[in-house]
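Structural characterization, general
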Amino acid sequence: MNQLDDSPPLLSIVVPCYNVGAAMLPLLQRVSAQMAADCELVLIDDGSSDGTANTVRTFQTDYHGPGHIALTVTPNAGAAKARELGLSLARGRFVYFCDSDDIMRPTFVEVFRRTLAQYPALDLLFFSSEIAVVEADGMRRLGRKVEYDRQQVFDHGSALLEYNLRQHMHTAAVWTFVARRDLLQAAGASFTRRGAHEDHLFTLSTMLHARCVVALPDLLYTQTLRAGSLTNSAKNAQYITERISAFNEADALLRTSAPALRALYDAESFDAIAAMMAENRRLLPAVLAGPVGLRYFAVRAPRVLARVSRRALRAARRRLAPGASPSKP
């Protein structure tokens, strides 16, 4: 039954999509194959110009299974607004955000139901995930994005945050967890209106309000990187500056909500930002030309110098190692 009824669904899966075209079909098929009458799929077409909406409409017409599939088409306004609209339209007791060209594993909904039955007070469900690159001859897996080695239960979201930070696997990606809708409302979780890194405050505020969090070792999601995607494309100075702004906003929240975790969060974020800068060295002058980038790196100058020194030392050791090719004059 592809119809709405009076009772709210158990699970809403919200998918913002933009110029995905026929690449949406695998996700639509995988998600709908798991749906029952208490599930809904909420799709927000963010002003696509390539027929993405038509792909979804055709699938809707041909779908006669349980649950409900809804499509809303809006003018292009970015991922933050698309996700906010999807959340406002979602009716489920639990909400999950999925990216339109990623892979939600066939057992996703089943594992969620099983965990909720075991922990009826569940606020957040986290799980293992991986990253893969889509190439002409198939998909090449790069490794795990998040990996839990066993099932764990945390009595507060800050405990999970600390665990993830210490394991060097914290990520703001909203597809890494399923959230109770009441929790999102209580946390006042919202997406920051900017071109990238719009989910940092949403994820952090949600975690810090949770009281029952379960993390599973089950591999339930694959993030796919494609040529031209925001994650996999060449970065510009604005992208890096927005990442620094996201850190500043998150740090301000931690200052009042979980001050004991600020140092850990700062260290993890610095590693991510420094790695981004190392991969995009040509952008350093432009990043430092703005007040956000200049202040961030000026405050952390000793760490920057230490990182540069370590890299130089490793390079020198490689050059001096036995069997290394002699350097040219």
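Residues numbered from 1 in each chain as written. Predicted model: local features only at pLDDT ≥ 70, side-chain atom pairs only at ≥ 80, totals over all residues. Heavy atoms only, no water.

On to the packing of aromatic side chains, then. Each pair of aromatic rings is reported with the distance of its centres and the angle of its planes. If you walk through the whole model with that rule in mind, you get 16 aromatic pairs. Residues Phe 97 and Phe 202 carry aromatic rings whose centres are separated by 5.7 Å and whose planes lie at 90° to one another, so their mutual orientation is edge-to-face. Of this pair, Phe 97 sits in strand β4 (residues 94-97) while Phe 202 sits in helix α7 (residues 200-209), placing them 105 residues apart in sequence. Using a relative accessible area of 3% as the deciding quantity, one classes Phe 97 as buried. By relative accessible area, Phe 202 is classed as buried at 0%. The side chain of Arg 303 reaches across the aromatic face of Phe 270, ending 5.0 Å from its centre. (Phe/Tyr/Trp six-rings, centres within 6.5 Å; stacked < 30°, edge-to-face > 60°. Helix = DSSP H or I, 4+ residues; strand = E, 2+ residues; numbered from the N terminus. Buried < 20%, exposed > 50% of the residue type's maximum accessible area, 1.4 Å probe, protein only. Lys NZ or Arg CZ within 6 Å of the ring centre and 35° of its normal.)

Let us now look at the pattern of salt bridges. Taken as a whole, this structure holds 18 salt bridges when the rule is applied. The salt bridge partner of Arg 255 is Asp 251, with a shortest N-O separation of 3.5 Å. Note that Arg 255 and Asp 251 are positioned in helix α8 (residues 237-257) at a spacing of 4 residues, about one turn of the helix. One salt bridge in this structure joins Asp 266 and Arg 300, with 3.4 Å as the shortest N-O distance. Placement of Asp 266 in helix α9 (residues 262-279) and of Arg 300 in the loop between α11 (291-299) and α12 (301-320) is noted, with a sequence separation of 34 residues between them. Taking relative accessible area as the criterion, Arg 300 reaches 10% and is therefore assigned buried. Each of Arg 83, Asp 99 and Glu 198 takes part in one network of salt bridges that share partners. (Salt bridge = Lys/Arg side-chain N within 4 Å of Asp/Glu carboxyl O.)

So, on to the state of the cysteines. All chains considered together, the criterion is met by 0 disulfides. Lacking any disulfide linkage, Cys 39 is separated from the closest cysteine sulfur, that of Cys 98, by 13 Å. By relative accessible area, Cys 39 is classed as buried at 3%. (Disulfide = S-S within 2.5 Å.)

Another point: the nonpolar core. Of all hydrophobic cores here, the largest spans 53 residues; its most connected members are Leu 124, Phe 126 and Phe 202. Examining the composition of this core, we find that 7 residues originate from one element, α8, more than from any other. Leu 124 has contacts with Phe 177, Val 178, Ala 179, Leu 183, Thr 206, Met 207, Ala 210, Cys 212, Val 213 and Val 214, leaving out every residue within four places of it along the chain. (Core = buried A, V, L, I, M, F, W, Y, C linked by side-chain atoms within 4.5 Å. Contact = heavy atoms within 4.5 Å.)

Even without being glycine, Asn 19 reaches a positive phi, approximately 50°. Relative to the assigned elements, Asn 19 resides in the loop between β1 (11-17) and α1 (25-34). The backbone of His 197 sits at a positive phi, close to 60°, despite the residue not being glycine. Residue placement: His 197 occurs in the loop between α6 (181-187) and α7.

Before going further, it helps to spend a moment on the pairing of β4. Of the two faces of β4, the one holding Phe 94 and Tyr 96 and the one holding Val 95 and Phe 97 are both buried throughout. Pairing geometry for β4 and strand β9 (residues 177-180), over 3 bridges, is antiparallel. Within the sheet, the bridge partner assigned to Phe 94 lies in β9 and is Arg 180. (Pairing = 2+ DSSP bridges.)

Within the sequence span of α11, burial applies to Gly 293, Tyr 296 and Phe 297. One side of α11 carries all its buried residues, which in axial view fall inside an arc of 85°. Across from the buried face of α11, at angles greater than 90 degrees, the exposed residues are Pro 291, Arg 295, Ala 298 and Val 299. (Arc of directions from axis to C-beta.)

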